[in-house]
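Coordinate analysis (summary)
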Amino acid sequence: MSSNQEHNKGAAVTGRAPAVCPPVSRLHALRPALRDLTVVYLLFFCPNLIYSLHNHHFDLAGQGMQLLVNGVVATLPYLSPALLVLALAPGKWGRTLVAAQSIMVALLAWVGVAHLIIYGHGIGPASVYVALSSNPAEASEYLSLYGSVRVFAWLALLLGLQAVTCVFLFSQRRAFHGRRAATVLAAFFLAPLSCLVWGDRSAGAGSDNFALVYANAAWAYRLDEMRARKLRASAGETQPVRVTRTARAPQGVPETYVLVIGESTSRAHMGLYGYRRDTNPLLGSLVGELTLFDNMVSADMLTSLCLQKLLTPANTREPGRVFEPHMLDVVKAGGFRSYWLSNQRIEGSGEIWNKYFSESADVRFLTDTSAIVDARTSYDETLLKPFAKVVNDGGKKKFIVLHLMGAHLNARMRYPERFQRFTHSAADRWVTRHKRKGETYDYIDWYDNAVLYNDYVVHSIINILKQGNGARLMLYLSDHGEEVGDRDDFIGRGGGSTSNRFEIPFIVWMSPEYAAARPELVQELPHAARRPCQVNGFIHTLMDFTGVWTDAYDPARSVVSPSYAAGARLVDGADYETMRAATKAAQRE
């Protein structure tokens, strides 16, 4: 008789039941499965939590629980396919695929963290646009500019965490435990929830789910590329640029020409042009070095239309010329390296012209302003560091476009707190005389503070140019103006408002070397500054300033040419002079 038979016989004699494995033993058997499932979850949770913490500025006291929830939910779209892989292939190959997926997620999280460090706000579609349309040379320049110890330290931390977790789970010579649990979780819970998180842009964790942003942006990029191809086809990408003559600086003297495009900045609210508040203290200190054009107007109220008439031969009477070679084509044909640095959106059908022109540049640096009314939208000073890098990179001939956010839309969000100087417009005698609502008083303050901040940005651009040598030129103008309670309580650019929405600044600064190389232009400049002019086929004026002329050049259309012929100025389809007279009459009432 065997020992087991003897044991059972003894139990029968004594009346006792056989020994049963205690419940704790079953829990012990589940530990490997729970451990493996937990480690897989941490593989994808840690990168998402780190990104979420950065996205909310480590506000653990105010948003700790929300950050945790966001991290948990944002992890699910990655965890579901990983568990399915391990359920179907629990051995070496399945573990290897999941390890590779977790490293990729860590890299994507690092890109998001780096974006937060560099720009101060979450990643959005514009950044994905830049990455998808970039090239190795542009990426290298970007990394050399923005790479820092802090940025790469977070990369090391993220990859280090992933490496440790992967080693813990996947280095052992055994299959993944909890195969059945992984199948159940992935099939019946995580997959449907993943679809919900991927599809619902309004989900609370949406801003923390960088993969959701990447996917949406990639699809939007595809749509915009189709639109851009149509534009390029209409323009004829092979259309030649025939340079007829150039005006060069002396041999060996580098040339750097900068076009700064402001946004929604009305001349009527600039101290340089006589505004009652000193919104230009810094540029005012340089007034002896500046040429102020005091009769410049835009032709449209929309940035896209203004850009067309600024950078191409298109004008109100010949809008079809927008598909002729534009200014970046001209300077490149003249031997210049072109740069486009922008704090404006480039994604979306309404911004296709921003994208169209920026893609023509040899090098682009674009911030991410996808949420254009988001309080965390980049301030224009974000462009100063890359601008200084470009100016001083040693190149001999550079044409740089800086596209600012200026005072666009919600002016309160266009300047940092340190520029909150004007706060009591209700006590201003002008405003008191012209009764306004309380919210109008507030917006006047916000707008004037935005103009004050713009003064700092443009002054900084000039200072950066001053620090180097060579023929250096800066042209600053705004795309259009804005109505800021000047006649009634209206804010914006709607119909029936005053001429202020079209009256824009045009400011010229030049280095002594540029002035010495272009004496004929310097002699003409004081006369040109008093002429009635318009951003309307403005490429002819830009050709005169850069000294690169093509066969499309018309001296009668360049305001700095002695042959300039001022014509009727149409603004948004109406006669500007008539509108201006009506504005003056209303202000006298």
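Residues numbered from 1 in each chain as written. Predicted model: local features only at pLDDT ≥ 70, side-chain atom pairs only at ≥ 80, totals over all residues. Heavy atoms only, no water.

Once that is clear, we can look at the pattern of salt bridges. Under the definition given, this model contains 17 salt bridges. Its salt-bridge partner being arginine 518, residue glutamate 520 comes within 2.9 Å of it at the nearest N-O pair. Residue class for arginine 518 comes out buried when judged on its relative accessible area of 5%. Salt bridges sharing partners connect three or more residues here, namely Glu318, Arg321, Glu324, Asp554 and Arg557. (Salt bridge = Lys/Arg side-chain N within 4 Å of Asp/Glu carboxyl O. Buried < 20%, exposed > 50% of the residue type's maximum accessible area, 1.4 Å probe, protein only.)

Our focus in this paragraph is the side chain of threonine 541. By the element assignment, threonine 541 lies in helix H19 (residues 539–546). Residue classification places threonine 541 among the buried residues on the basis of a relative accessible area of 1%. Excluding anything up to four places from it in sequence, threonine 541 contacts Arg557, Ser558, Val559 and Val560. (Helix = DSSP H or I, 4+ residues; strand = E, 2+ residues; numbered from the N terminus. Contact = heavy atoms within 4.5 Å.)

If you look at the biggest cluster of nonpolar residues, it comprises 52 residues, and the most contacted ones within it are Phe293, Leu310, Phe399, Phe506, Val508 and Phe545. Among all residues touching phenylalanine 399, those that are not within four sequence positions of it are Tyr257, Leu259, Met327, Leu328, Val331, Phe336, Arg337, Ser338, Tyr339 and Thr546. The next biggest cluster of nonpolar side chains, apart from the first, holds 43 residues, and it includes Tyr415, Tyr443, Tyr447 and Ile461. (Core = buried A, V, L, I, M, F, W, Y, C linked by side-chain atoms within 4.5 Å.)

Spatial strand order, S3-S11-S8-S2-S7-S5-S6: 7 strands in an open sheet with mixed pairing. What marks the edges here is a single partner per strand, and that holds for strand S3 (290–293) and strand S6 (363–366). The mean angle between the axes of side-by-side strands here comes to 15°, regardless of whether they run parallel or antiparallel. Bridge count for S3 against strand S11 (residues 506–510) is 4 bridges, and the pairing is antiparallel. Bridge pairing in S11 links leucine 292 to isoleucine 507. Across the sheet, helix H11 (residues 303–311) touches strand S2 (255–262), strand S5 (337–342), strand S7 (397–403) and strand S8 (471–478), and the angle it forms with S2 is around 150°. (Pairing = 2+ DSSP bridges. Axes fitted to C-alpha atoms, helices over the stretch in contact; angles between N-to-C directions.)

Note that every value here comes from positions in space, so none of it alone points to a role or purpose.
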